[in-house]
Amino acid sequence: MTFQLLKLRKSLLFIAAFLLASLNTTATKRDSLALTPPMGFMTWNKYKEDINEQLIRQIADKMAADGYAEAGYKYIFIDDGWQGGRDKRNNILPDPKKFPSGMKALADYVHSKGLLLGIYSDAAHLTCAGYTASYKFEEQDAKTFAQWGIDYLKYDYCHAPSDSAVAHKRYKKMADALQKSGRKIALGVCEWGQLNPELWARQAGGSLWRVSYDVRDMWKDIVKQGGMGIIDIIDITEPLYKYAGPGHWLDMDMLVVGLDGKGGPSSDLGGVGCTYSEYQTQMSMWCMFASPLAMSHDILNENEATRHILLNKEIIAINQDALGEAAHRIDFPGACRIYLRQLSGNRQALAIINPSNTPQPVQLPLSIIGNAKEYSFRDVWEHKTTRQHKAWQGTLQPHETKVFTITTQ
Ligand code: GLA
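Residues numbered from 1 in each chain as written. Predicted model: local features only at pLDDT ≥ 70, side-chain atom pairs only at ≥ 80, totals over all residues. Heavy atoms only, no water.

An unreviewed UniProt entry lists the protein chain under the name Alpha-galactosidase, from Prevotella fusca JCM 17724. What UniProt records for the protein chain under Catalytic activity (unreviewed entry) is the sentence "Hydrolysis of terminal, non-reducing alpha-D-galactose residues in alpha-D-galactosides, including galactose oligosaccharides, galactomannans and galactolipids." (UniProt positions renumbered as here; feature names shortened; annotations may be inferred.)

Laid out in structure tokens, this is it:
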């Protein structure tokens with residue numbers, strides 16, 4: 001090899017090492033913005049564009065006073081429909097009819113309740129619902145969001161090119177702008193899992209990325225109308241488990257728990273509502289896969305069954321476990337599926353789902369968990385602990401999920 005070639009090779013290696021190092025630094029720096037999956041309330045599925053400051057204040061009051069903030073639901077994520085165009089200097093504005101006091105006053109109010117405020121934009125000129133978006137205004141908008149006191153940005157991908165290199169670039173542009181704003185603002189990548197975001201969203205500076213098209217309030221898309229049911233999203237997420245970890249999460253989209261098929265976008269495309277067993281399965285598996293938890297039901301008029309699911313501290317503790325592992329599926333014969341997740345403190349979480357339409361007896365050999373003689377099984381839905389030897393036996397109702405935290409003590 002000539003001296004010239006050697007020199008070129010050395011410079012290329014140097015550039016590659018530098019790029020790798022800077023990619024890692026970007027990811028690490030922004031990883032700290034969401035070390036456990038973000039939890040909160042997202043406006044879209046229930047309220048669509050029908051949002052305003054009064055509503056957000058009421059939701060903040062409710063979350064602060066009624067157990068949600070205490071359980072870990074810290075964010076109010078304002079979704080599409082808040083925007084009111086730009087002023088003469090191109091500063092993005094909230095709709096003056098919906099948010100007459102402005103976003104800064106609203107963020108101050110939300111913060112005064114011990115909560116955080118998220119907002120929404122899109123990596124193109126317009127959002128999915130046709131409002132002003134942030135493409136080509138990334139730095140200016142990030143600065144505005146920071147001045148308002150925003151803590152999180154859901155960044156959508158409607159009207160943008162279907163190309164993963166372009167998507168990576170557009171999300172990185174926004175993440176860099178948020179970083180430069182000086183405020184800690186986490187970035188939610190919302191590209192619906194179509195351009196392999198698991199390969200670039202974290203490097204771009206995203207704290208999480210959507211893995212699927214929009215969730216609908218249904219178990220399964222049997223009518224093939226293009227909606228995503230609970231079990232459909234579980235199927236999509238399952239092979240991606242290795243990509244989740246502290247600061248970079250698989251976003252399985254909003255919880256439909258308690259929506260009861262009552263209108264809103266999640267009731268389109270066959271979203272007729274679910275049984276409470278199905279809602280419990282959604283909560284169980286969103287926690288097993290360490291997905292962000294964004295509630296979207298009628299939180300101001302909710303029922304006890306909904307609260308029972310959303311406020312179960314034992315299942316939330318699995319979601320928020322510091323190891324940040326997503327569950328993996330274990331080979332198991334029969335109709336039911338088995339998922340395991342390592343937890344901190346030498347504990348494991350085990351989920352058994354019955355995806356079939358009939359009750360299913362299960363006999364689960366404990367050898368799939370390890371080789372101890374005895375295990376303690378804490379049923380996180382029944383709140384009961386039993387000691388198990390050799391095998392766990394039980395029956396699961398259609399679409400039911402059982403979840404246990406398991407220790408050897
Ligand atoms: C897309 C997103 C939804 C919601 C709407 C708003 O469909 O995936 O979650 O934000 O846009 O227009």
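Caption draft 1: Region of the structure containing the overall build of the protein chain. Helix and strand counts for the protein chain come out as 12 helices and 18 strands. The globule rule puts the C-alpha radius of gyration for 409 residues at 22 Å, and the 22 Å found for the protein chain is close to it. Projected onto its principal axes, the C-alpha positions of the protein chain cover 70 × 65 × 40 Å. By residue count, 54% of the 409 residues in the protein chain fall in the buried class. When the accessible surface of the protein chain is totalled, it reaches about 17,700 Å², and 54% of it is carbon and sulfur. Side-chain charges of the protein chain comprise 46 positive and 44 negative groups, with the mean position of each set lying 7 Å from the other. (Helix = DSSP H or I, 4+ residues; strand = E, 2+ residues; numbered from the N terminus. Rg over C-alpha atoms; globule rule 2.2 N^0.38 Å. Buried < 20%, exposed > 50% of the residue type's maximum accessible area, 1.4 Å probe, protein only. Areas by Shrake-Rupley, 256 points an atom, 1.4 Å probe, with all protein chains shown as cover. Lys, Arg positive; Asp, Glu negative; His and termini not counted. Charge placed at Lys NZ, Arg CZ, Asp CG, Glu CD.)

Caption draft 2: Expanded view of the pairing of strand 1 (residues 39-42). As paired elements, strand 1 and strand 10 (residues 293-295) share three bridges and run parallel to each other. Directly across from methionine 39, in strand 10, lies its bridge partner leucine 293. When strand 1 meets strand 2 (residues 75-77), the two strands line up parallel, connected through three bridges. Of the residues in strand 2, the one forming a bridge with phenylalanine 41 is isoleucine 76. (Pairing = 2+ DSSP bridges.)

Caption draft 3: Looking closely at the UniProt feature "domain: Alpha galactosidase C-terminal" (unreviewed entry) in the protein chain. The positions that UniProt labels "domain: Alpha galactosidase C-terminal" (unreviewed entry) are, in the present scheme, residues 334-406. Spanning residues 334-406, this segment combines 0% helix with 58% strand, and its end C-alpha atoms are found 23 Å apart.

Caption draft 4: Spotlight on the nonpolar core. Core analysis: the largest hydrophobic core is formed by 109 residues, its most contacted members being Tyr73, Trp82, Ile234 and Met283. Looking at which domains feed residues into this core, each of domain 1 (31-319) and domain 2 (328-408) gives three or more. Not counting residues within four places of it along the chain, the set of residues in contact with tyrosine 73 comprises Met39, Gly40, Met63, Tyr68, Leu115, Met283, Leu293, Met295, Leu310, Leu311 and Ile316. If you look at the next biggest cluster of nonpolar residues, it comprises 16 residues, including Ile330, Cys336, Phe377 and Phe404. (Core = buried A, V, L, I, M, F, W, Y, C linked by side-chain atoms within 4.5 Å. Domains from an automatic or database assignment. Contact = heavy atoms within 4.5 Å.)

Caption draft 5: Spatial organisation of the packing of helix 9 (residues 230-237) against helix 10 (residues 276-288). Look at helix 9 against helix 10: their axes get within 10 Å of each other, and the N-to-C directions meet at 20 degrees. With respect to each other, helix 9 and helix 10 are oriented roughly parallel. In this structure, helix 9 crosses over helix 10, and the sense of that crossing is left-handed. Contacts between helix 9 and helix 10 involve Ile230, Ile233 and Ile234 from the former and Glu278, Thr281, Gln282, Met285 and Trp286 from the latter. For the contact of helix 9 with helix 10, the residue count by class is five nonpolar, two polar and one charged. (Axes fitted to C-alpha atoms, helices over the stretch in contact; angles between N-to-C directions. Parallel < 35°, antiparallel > 145°, perpendicular 65-115°, else oblique. Left-handed = near helix turned anticlockwise from the far one by under 90°. Nonpolar A, V, L, I, M, F, W, Y, C, P; charged D, E, K, R; others polar.)

Caption draft 6: Inspection of empty space enclosed by the protein at higher detail. Within this structure, the stated rule accounts for one cavity of 30 Å³ or more. Its boundaries defined by the atoms lining it, the largest cavity holds a volume of some 130 Å³. In this structure, the largest cavity is lined by 15 residues; those nearest its centre are Met42, Tyr152, Leu208, Asp251 and Ala294. Looking at the lining of the largest cavity, the elements with two or more residues in it are strand 6 (152-156), strand 7 (186-190) and strand 8 (208-210). Sorting elements by how many residues they give to the lining of the largest cavity places strand 7 first, with three residues. Partitioning the lining of the largest cavity into residue classes produces 10 nonpolar, one polar and four charged. (1 Å grid on protein atoms, 1.4 Å probe; cavity = no way out; pocket = protein on both sides within 12 Å on 5 of 7 lines; lining within 4 Å. Points joined across faces, edges and corners; volume = space filled by probe spheres on them.)

Caption draft 7: Up close: the layout of surface pockets. What the largest pocket holds in volume is close to 330 Å³. Taken together, 21 residues make up the lining of the largest pocket; nearest its centre are Trp44, Cys128, Trp192, Asp214 and Arg216. Tallied by class, the residues present in the lining of the largest pocket amount to 11 nonpolar, one polar and nine charged. In this structure, the second largest pocket spans a volume of roughly 180 Å³. If you trace the second largest pocket, you find it lined by Met218, Trp219, Lys220, Ile222, Val223, Gly270, Val272, Gly273, Pro355, Asn357 and His399. A domain split of the lining of the second largest pocket shows at least three residues from each of domain 1 (31-319) and domain 2 (328-408).

Caption draft 8: Expanded view of the pattern of salt bridges. Considering all chains together, one arrives at 25 salt bridges under this definition. A salt bridge links arginine 86 to aspartate 141; its shortest N-O distance comes to 2.9 Å. In this pair, arginine 86 sits in strand 3 (residues 83-86) while aspartate 141 sits in helix 6 (residues 138-148), placing the two residues 55 residues apart along the sequence. In this structure, the salt-bridge partner of arginine 216 is aspartate 268, at a minimum N-O distance of 3.7 Å. Taken together, the residues arginine 216 in the loop between strand 8 and helix 9 and aspartate 268 in the loop between strand 9 (249-251) and helix 10 connect sequence positions 52 residues apart. Under the relative-accessibility criterion, arginine 216 is labelled buried at 11%. Here aspartate 268 falls in the partly exposed class, since its relative accessible area comes to 42%. Taken together, the salt bridges that share partners define one network made up of Lys62, Asp66, Glu302, Glu304 and Arg307. (Salt bridge = Lys/Arg side-chain N within 4 Å of Asp/Glu carboxyl O.)

Caption draft 9: The arrangement of the sheet that holds strand 7 in detail. Reading across the sheet, the eight strands line up as 9-8-7-6-5-2-1-10 and stay open at both edges, with parallel pairing between neighbours. The open sheet is flanked by strand 9 and strand 10, the only strands paired with a single partner. Pairwise comparison of adjacent strand axes, ignoring direction, gives a mean angle of 25 degrees for this sheet. Here strand 2 runs beside strand 5 (residues 116-122); their pairing, made up of three bridges, is parallel. Bridge assignment links tyrosine 75 to a residue of strand 5, and that residue is leucine 116.

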